[in-house]
Every structure is written in structure tokens, then in C-alpha cells.
Amino acid sequence: MSKKALLLHGDDNCAVALMDICKGDLVAFEGNILTALDDISIGHKMAVSNISTGSKVYKYGAAIGSATKPILRGEHIHTQNLVSDYIIGFHR
Amino acid sequence: MLGYLRKDGQLGIRNTVQVVFLVECAHHVAKKISESFSDDVQYFGFPGCYPSDYGYRLVERLCTHSNVGAVLLVSLGCECFDRKRLEKDINESGRICHTLVIQEEGGTSATISKGRLIVEDMVREISKTERRNMAFSDLIIGTVCGGSDGTSGITGNPAVGRAFDKLLASNAICIFEESGELIGCEPHMMSRAANDQVKEDIDQAMLKARNYYSTMGLGSFSNGNAEGGLTTLEEKSLGAYAKSGNGKITGVIRPTQRPTGPGLYLMDVVPDGEPRFGYPNICDTSEIIELIATGCHMVLFTTGRGSVIGSVISPVIKVCNNPVTYKNLHGDMDINAGKIISDGLSLDVIADEIVNLVVDVVSGEKTKAEKVGHAEFVLTYKDFDFDKTSCQFA
């Protein structure tokens, strides 16, 4: 199975998709395998553990914001469940 | 590598004539004059009628850039830009400079005809410019990212960071910028400061950026960033920050301040003073122009979504972060950093590719943007308190 996602740091709770991943795909990353619960496009993030509301999401070993709802292992992490701890971005 | 030796001692990697309008009313004439020549004759200008001190300084620094051999100023005649002072400053740098005033030359067509004759002479004259060997220690290289996505922080940005590490080891000057896109990276950046003063300068620059963005109610975050998988500003920042590599940060500079010693510099692009409405939000081209006004010979531009731009005066090398984007826009991209994802190449392989291309571009090879004729320019009105800076500059 080719490597579909990359865990950037040992402390991270999300991985980055290295190709377009489909819901139900088995995704291998750094010695682990999980099932994708959503379609996840290249460059997008997938939870590699369960994350509770208000908990930090870590990427590059650094916090990139807080979860706004519970996130399950394998779920797509994006604007629907993650918010900046600094400035809320401008969206169309 | 061979450079063009300017009379002020600078070494350029391009030998351009710049036709410069001093108010939007002279834009058309400047454009028409430059368009009848090859790509080494370019035009840009100051659009407003009332230049700020910073606006003057920026135009002056661009006209006396190492890649510029001669300048034709085009004035309408009644604008407030101090054309006499600018011509004097350019002449004092040893560059050829002439001014045409449309109201005194008999209008549009007469000025265009006369301008073409003057530029013809300038092109002939600067073709005699002496060439001299150029080392990495003679180079000033900037980096900027635009159209970032979720691949940027894991491919092209860290690869440029490694290229910066290699260039710094050869005593080049490297500049990264856009403090607003580094929000969230403050503690790590401060830990890389060369001394306590630089640490304090980074802290102040970042405080100003956070204040500016929260007051304006704008973040440096676009719809395209979100579509590409980036969710928050701090996530985008961490990816952008990777462009700076691992070197010690030698100093914090403001646009138009030319670093005098080798090292890695953070360019603080957020205006000084209280945030004031009227300053437009950033765009990639205004950042590239600010980097060039600090003396950058070329700019390494990383993009995930796929920006196609180039610039007047200095070449822009485009590093494409996303393999899908590269496939789609390869005619605009110089480096395919997406191979890190698609082919499993290491960051170091791409960093070497970037450094090799830097050498080629210094040696005259045209970038993709140059080949297809990109020569963008945007000037952003700002104010800076240049007395505040702790570094000493020429």
C-alpha cells in the first residue's frame, strides 16, 4: 500500500494527505493504519486520534487551533471542526 | 557567475532599463515607450499624485537597484513627486537618467517618440557595462509564498529553507518576510535570534503584526488557502515559516533597508504606528516589490495553488509545492517540489535543485515568468519609522 498520509511530528494528532483519499480507504502512516471516515483531498488533514471539543489540534508539533466539536480518528479536520486560537480567517 | 558592475559598486544579475512614471497620468506613455523594446526594458511607477516619504524611498531604491542600468522618468508635469530630486539621486548612483515631462514635450505621441529614442541610446550605452565575477556572498535572495495550500509546508517551503541554509553557509544575504503570516511562530523565531536586540526586534515586529491584523479585522488567509486544506492562520504560518530554514536570524529590517552584512533577515512589512485604514491588505506582488526594494537580486516564490506571477527588475523563481498543480501549470513553474510527495524525493534534493537554478538564473538563464513575459508591479502606500531600527544600514 503506497503511503497516503504523513505524520509530521510525533506529538501530532493529525496527518496530512499525500494524495486524494476516499472515504473507507485504509490509510497507512508511520507504522499505523486507520480507515478514512471522509473524503480527504491532497494537503488536507485527517485526525489520527479522537479529539474532544476544545482540545488543541497539533501539526508540525505545534498547536494550529482548537476543535469546535468532537473529532473521530479518521475524520477530515477543517473549518467545520477547527478554529484558530489567534484570528478567525476570512472566508467567502 | 558573472554580474553587471554598477558605478556604485553593486553587482546586478540583469541589465535593465526602467521607464518610470511618476503619477498614474504618465502610466500610458511609460508603458508605450517600454513596450517597443525587448524584455530588458521594463516599466513601473508611482500611481498617486502625492507620494509619502516611504513611497519616494521605495521608488528611489528600485531605480538604483543593482539590476537596473538606466532610468527614464516620465512625468505628467503637475504631480507632486519630486522628479528633480529623484533624477539627482539616480545620477549620483552612477546610472544614466533622463526625465521627460509630457506637458512640456507636446503631449502623448511626442513624448512616446522622444522616449523611444532616449531608451534606444540607453540600451546601447548599458550594453557596454563591465562584467565581473560574482560569488554567493554578493547575492541578496528573498523568499515569499503565495497561494499556499496543505502541501506548501511539507514540500517547497522547507526545501527553500534548506536552500537558504546552504546559501547562508556561502555568506549570501537571505531575507524572509510577512510578519502577519508568521503569527503563531513567535517563540521559535525568537529562539533563533542572533542576539538579545534581534530577539526584542522580532517580538516588537510580531506584536505590531498581531495588533494590525486584529484591528483591521483581516487575516492573511484566503479562500484558496482553505480549499487547499489549510484551516487556521497559525497553521498557514507554520508552513510559511519553514521557508526561513534553520539559520540564526541576524536582524529585522523594514522594506527599502538594504542589509550590509551576510546573514538571514526578517523583513517587517507591517507599517509602524497605529493601524490606519487606507492601507490595503497585502498581495504577493507588493511583497515581492518590497523585497526587491531591499536589494534582492531574485526572489524564491513558493506556491501550492499555483501563482503565475513574475516581477519587474528581479527574476522570480517559482517553486511549485503541489504535484497536481505542477502538472496543470508546469509552463509557469521552475521547480517541482511536489516530487517530494509524488516521487518520494528528499528535501535536500529539491534544495540542491533550487540552489543550482539560482546559479543558472544569476548566469542569465531566464525563469519561466521571464520567458512568458511577466513583469508585475504593485506599490503599497505605507509609513515606517526608520529611526526605530536597531541595525545600521547604508
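Everything that follows concerns the structure shown earlier in this document.
In this report, the structure presented in the accompanying data block is examined. Quick caveat, the model's predicted, so the values are computed rather than measured.

1. Re the interface of chain A and chain B
Right, so step 1: Residue-level contacts link 27 residues of chain A with 29 residues of chain B.
Right, so step 2: Between chain A and chain B lies a buried interface of about 2200 Å² when both sides are counted; carbon and sulfur atoms form 63% of it.
Right, so step 3: Counting across the chain A and chain B interface gives two salt bridges.
Right, so step 4: B:Glu235 is paired through a salt bridge with A:Lys59; the nearest N and O atoms lie 2.8 Å apart.
Right, so step 5: Connecting chain A to chain B are 11 residue pairs in polar contact (both at pLDDT 80 or more).
Right, so step 6: Listing elements by their share of the side of chain A that touches chain B, those giving two or more residues are strand E7 (62-67) and strand E9 (82-83) of chain A.
Right, so step 7: The element contributing the most residues to the side of chain A that touches chain B is E7(A), with four residues.
Right, so step 8: In terms of residue class, the side of chain A that touches chain B is built from 15 nonpolar, eight polar and four charged.

2. A word on the pattern of salt bridges
Right, so step 1: All chains considered together, the criterion is met by 25 salt bridges over all chains.
Right, so step 2: When the shortest N-O distance is used, the salt bridge between A:Lys3 and A:Glu30 registers 3.1 Å. Of this pair, A:Lys3 sits in the segment before strand E1 (5-6) while A:Glu30 sits in the loop between strand E3 (26-29) and strand E4 (32-35), and the two are 27 residues apart along the sequence.
Right, so step 3: Three or more residues are tied together by salt bridges with common partners; here these are B:Arg162, B:Lys166, B:Asp348 and B:Asp352.

3. Some details on the environment of B:Thr16
All names here are of chain B.
Right, so step 1: With respect to the secondary-structure elements, Thr-16 resides in strand E3 (residues 16-21).
Right, so step 2: By relative accessible area, Thr-16 is classed as buried at 1%.
Right, so step 3: Each C-alpha atom, one on Thr-16 and one on Ser-314, is 9.5 Å from the other, the two residues being 298 residues apart in sequence.
Right, so step 4: Apart from the residues within four sequence positions on either side, Thr-16 is in contact with Asp-40, Gln-42, Asn-67, Val-68, Gly-69, Ala-70 and Ile-126.
Right, so step 5: Within polar-contact distance, the side chain of Thr-16 engages the backbone oxygen of Asn-67 at 2.8 Å.

4. Topic: the nonpolar core
All names here are of chain B.
Right, so step 1: By size, the foremost hydrophobic cluster in this structure holds 61 residues, and its most contacted members are Met-189, Ile-202, Ile-317, Ile-354 and Val-358.
Right, so step 2: Per-element tally for this core: the top contributor is helix H14 (residues 347-362), with nine residues.
Right, so step 3: Excluding residues that lie within four positions of it along the chain, Met-189 makes contacts with Phe-176, Leu-182, Ile-202, Met-206, Tyr-241, Ile-249 and Leu-266.
Right, so step 4: Among the nonpolar cores identified, the runner-up in size contains 41 residues, and Cys-63, Ile-289, Leu-291 and Phe-386 belong to it.

Rules and cut-offs
Residues numbered from 1 in each chain as written. Chains lettered and ligands numbered in written order. Predicted model: local features only at pLDDT ≥ 70, side-chain atom pairs only at ≥ 80, totals over all residues. Heavy atoms only, no water. Contact = heavy atoms within 4.5 Å. Buried area = accessible area lost by both parts, 1.4 Å probe. Salt bridge = Lys/Arg side-chain N within 4 Å of Asp/Glu carboxyl O. Polar contact = N/O pair within 3.5 Å; in protein donor to acceptor, adjacent residues only side chain to side chain. Helix = DSSP H or I, 4+ residues; strand = E, 2+ residues; numbered from the N terminus. Nonpolar A, V, L, I, M, F, W, Y, C, P; charged D, E, K, R; others polar. Buried < 20%, exposed > 50% of the residue type's maximum accessible area, 1.4 Å probe, protein only. Core = buried A, V, L, I, M, F, W, Y, C linked by side-chain atoms within 4.5 Å.

What is shown is where atoms sit, not what they do.
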